[in-house]
Amino acid sequence: MVNEFEIKKQICDIGRRIYARNMVAANDGNISVKLNDNEFLCTPTGVSKGFMTPEFICKVDAQGNVIQANPGFKPSSEIKMHMRVYQKRPDVGSVVHAHPIYATSFAIAGIPLTQPIMPEAVIALGCVPIAEYGTPSTMEIPDNLEKYLPYFDAVLLENHGALTWSTDLNAAYMKMESVEFYAQLLYQSKLLGGPKEFDKENIKKLYEIRRKFGMPGKHPANLCQNKDGVNCHNCGGCSEDYKQFPGYQYDFVGSECSKEAAPAAANSDAELVANITKQVMAQLGLK
Ligand SMILES: [Zn+2]
């Protein structure tokens, strides 16, 4: 078991890394680590995360109330957002919030990271939705975040930044790097004429790799696996669970294993055919 002082040093190291990688400006961003069910370490408000030393780090309880903070330091104003993640996800040991340039640009433009374009992003993240905007430091952010927590390990915060969580500090930080790298690739490939997306077969293979590795956390692949005991990917059932999230655009509907999805797909096909027929008839002057 790593002692508390060691964890404080690790938080400072990660703070330096997010600052050095342009993931935060000035005093932005915050980091927290779970020690046990009622003790959490977190970064203080109003300091640059690139220049912290262990005595900067505060300790709070599960409600975000201060347990210990050195004079001049107060826990992050966004601690409630972190606490909501721990509350809803007992598997999580650390939460990282930053404003990385590309990921935040997508959050500001209102574009979720949902295009399956590279193996690592599909395996590690699946996709990254946008949690609806909330005023910083209020309960709006945790409340808007909540519905995403059971299904994802990373979200963009609308017009604000990105939030990632995982089993431990390093993993939560790595997730932030992955989100930013994915966003940057997506941005730059759009400039080059638009990314070529993986087809369902390739997504399926990547999900299988994720399962074989037994990777922790929440991901579309887990849901598919558990869906009625059917071990498949890209199924309509999975899609139904994920469809509640605005911007979730993986086209999972209509694949081999979902009986429920079939009528919906047939309906939309029938509608499409009817519309096309109508247009063709109109063009031919038959209507
Ligand atoms: Zn922020």
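Structural data are supplied above this passage.
Residues numbered from 1 in each chain as written. Predicted model: local features only at pLDDT ≥ 70, side-chain atom pairs only at ≥ 80, totals over all residues. Heavy atoms only, no water.

1. Topic: the packing of helix α1 (residues 4-20) against helix α6 (residues 169-191)
Condition: Note on geometry: axes are C-alpha line fits, over the in-contact stretch for helices, and angles between N-to-C directions span 0 to 180 degrees. The helix and strand labels rest on DSSP assignments: H or I over at least four residues marks a helix, E over at least two residues marks a strand, and numbering proceeds from the N terminus. Any angle from 65 to 115 degrees is called roughly perpendicular, while one under 35 is roughly parallel, one over 145 is roughly antiparallel, and all others are oblique. Whether two residues are in contact is decided by their heavy atoms: any pair within 4.5 Å suffices. Classification convention: Asp, Glu, Lys, Arg as charged; Ala, Val, Leu, Ile, Met, Phe, Trp, Tyr, Cys, Pro as nonpolar; all other residues, Gly among them, as polar.
Where α1 meets α6, the axes come as close as 11 Å, and the angle between the chain directions of the two elements is 10°. Comparing the axis directions of α1 and α6 gives the class roughly parallel. Here Gln10, Ile11, Ile14, Arg17 and Ile18 of α1 lie close against α6, whose contacting residues are Leu169, Asn170, Tyr173 and Met174. Tallied by class, the residues present in the contact of α1 with α6 amount to 6 nonpolar, 2 polar and 1 charged.

2. Things to note about the sheet that holds strand β7 (residues 154-157)
Applicable threshold: By definition, two strands form a pair when at least two bridges between them are found by DSSP.
Taken in spatial order, the 8 strands make up an open sheet running β4-β3-β2-β1-β5-β8-β7-β6, and their pairing is mixed. Bordering the open sheet on either side are β4 (66-68) and β6 (130-131), each of which pairs with just one other strand. Relative to strand β8 (residues 161-166), strand β5 (residues 94-98) is paired through 5 bridges, and the arrangement is antiparallel. Along β8, the bridge assignment pairs alanine 98 with alanine 162.

3. What about the coordination of the zinc ion?
The following threshold applies: Any N, O or S atom lying within 2.8 Å of the metal counts as a donor, and for Na, K and Ca the limit rises to 3.2 Å; water is left out, so some sites can look incomplete.
Protein coordination of the zinc ion is provided by His97 (NE2), His99 (NE2) and His160 (NE2), with donor distances spanning 2.0 to 2.1 Å. Of note, the donors binding the zinc ion are all from one chain and are spaced H-x1-H-x60-H. On the criterion of sequence distance, the pair formed by histidine 99 in the loop between β5 and α3 (101-109) and histidine 160 in the loop between β7 and β8 is long-range, its members being 61 residues apart.

4. Considerations on the pairing of β7
What counts, and what does not: Whether a residue is buried, partly exposed or exposed follows from its accessible area with a 1.4 Å probe, protein chains only, as a fraction of its type maximum: under 20%, in between, or over 50%, in that order. Handedness rule for crossovers: strands pointing away from the viewer, path from the first strand over the helix to the second running clockwise, crossover right-handed.
The alternating pattern of β7 places Ala154 and Leu156 on one face and Val155 and Leu157 on the opposite face, and all of these are buried. The pairing of β6 with β7 spans 2 bridges and is classified as parallel. Counterpart to isoleucine 130 in the pairing with β7 is leucine 156. As for the winding sense of the linkage, the β-α-β connection from β6 through helix α5 (residues 140-145) to β7 is right-handed.

5. Some details on a nonpolar patch on the surface
Stated precisely, the cut-off is as follows: Patch definition: residues above 30% relative accessible area lacking any salt bridge, with like charges linked at up to 9 Å and the nonpolar side chains Val, Leu, Ile, Met, Phe, Trp and Tyr linked at up to 5 Å. The method behind every accessible area is Shrake-Rupley, applied with a 1.4 Å probe, and residues are considered shielded solely by the protein chains displayed. Definition used for salt bridges: Asp or Glu carboxyl oxygen within 4 Å of a side-chain nitrogen of Lys or Arg.
Together, Tyr187, Leu191 and Leu192 line one region of the surface with nonpolar side chains, adding up to about 370 Å² of accessible area. Among the secondary structure elements, leucine 191 is positioned in helix α6. Residue class for leucine 191 comes out exposed when judged on its relative accessible area of 60%.

6. Let's talk about the packing of aromatic side chains
To keep things clear, this is the line we draw: The pairing test for Phe, Tyr and Trp rings, Trp by its six-membered ring, is centres within 6.5 Å, and the orientation test on the planes gives stacked under 30 degrees, edge-to-face over 60, and tilted for anything in between.
Summed over all chains, the structure comprises 5 aromatic pairs. Between the aromatic rings of phenylalanine 40 and tyrosine 86, the centroid separation amounts to 4.8 Å while the plane-to-plane angle is 40°, which identifies the pairing as tilted. Taken together, the residues span a long stretch of sequence, with phenylalanine 40 in strand β2 (residues 39-42) and tyrosine 86 in helix α2 (residues 79-88) at a distance of 46 residues. Across the pair, tyrosine 86 and phenylalanine 40 agree in class, each one buried. Here the aromatic rings of tyrosine 148 and phenylalanine 152 are separated by 6.3 Å at their centres, their planes lie at 45°, and the arrangement is tilted.

7. Looking at the packing of α3 against α6
Going by this rule: If you view the pair so one helix is near and one far, a crossing is left-handed when the near helix is turned anticlockwise from the far one by less than a right angle, and right-handed when it is turned clockwise.
At a minimum axis separation of 7 Å, α3 and α6 run at an interaxial angle of 70°. If you check the angle between α3 and α6, you find them roughly perpendicular. For the pair α3 and α6, the sense of crossing is left-handed. Taking contact as the criterion, the partners of Ile101, Tyr102, Ala103 and Phe106 in α3 are, on α6, Val179, Glu180, Ala183, Gln184, Leu186, Tyr187, Gln188 and Lys190. Split by residue class, the contact of α3 with α6 holds 8 nonpolar, 2 polar and 2 charged.

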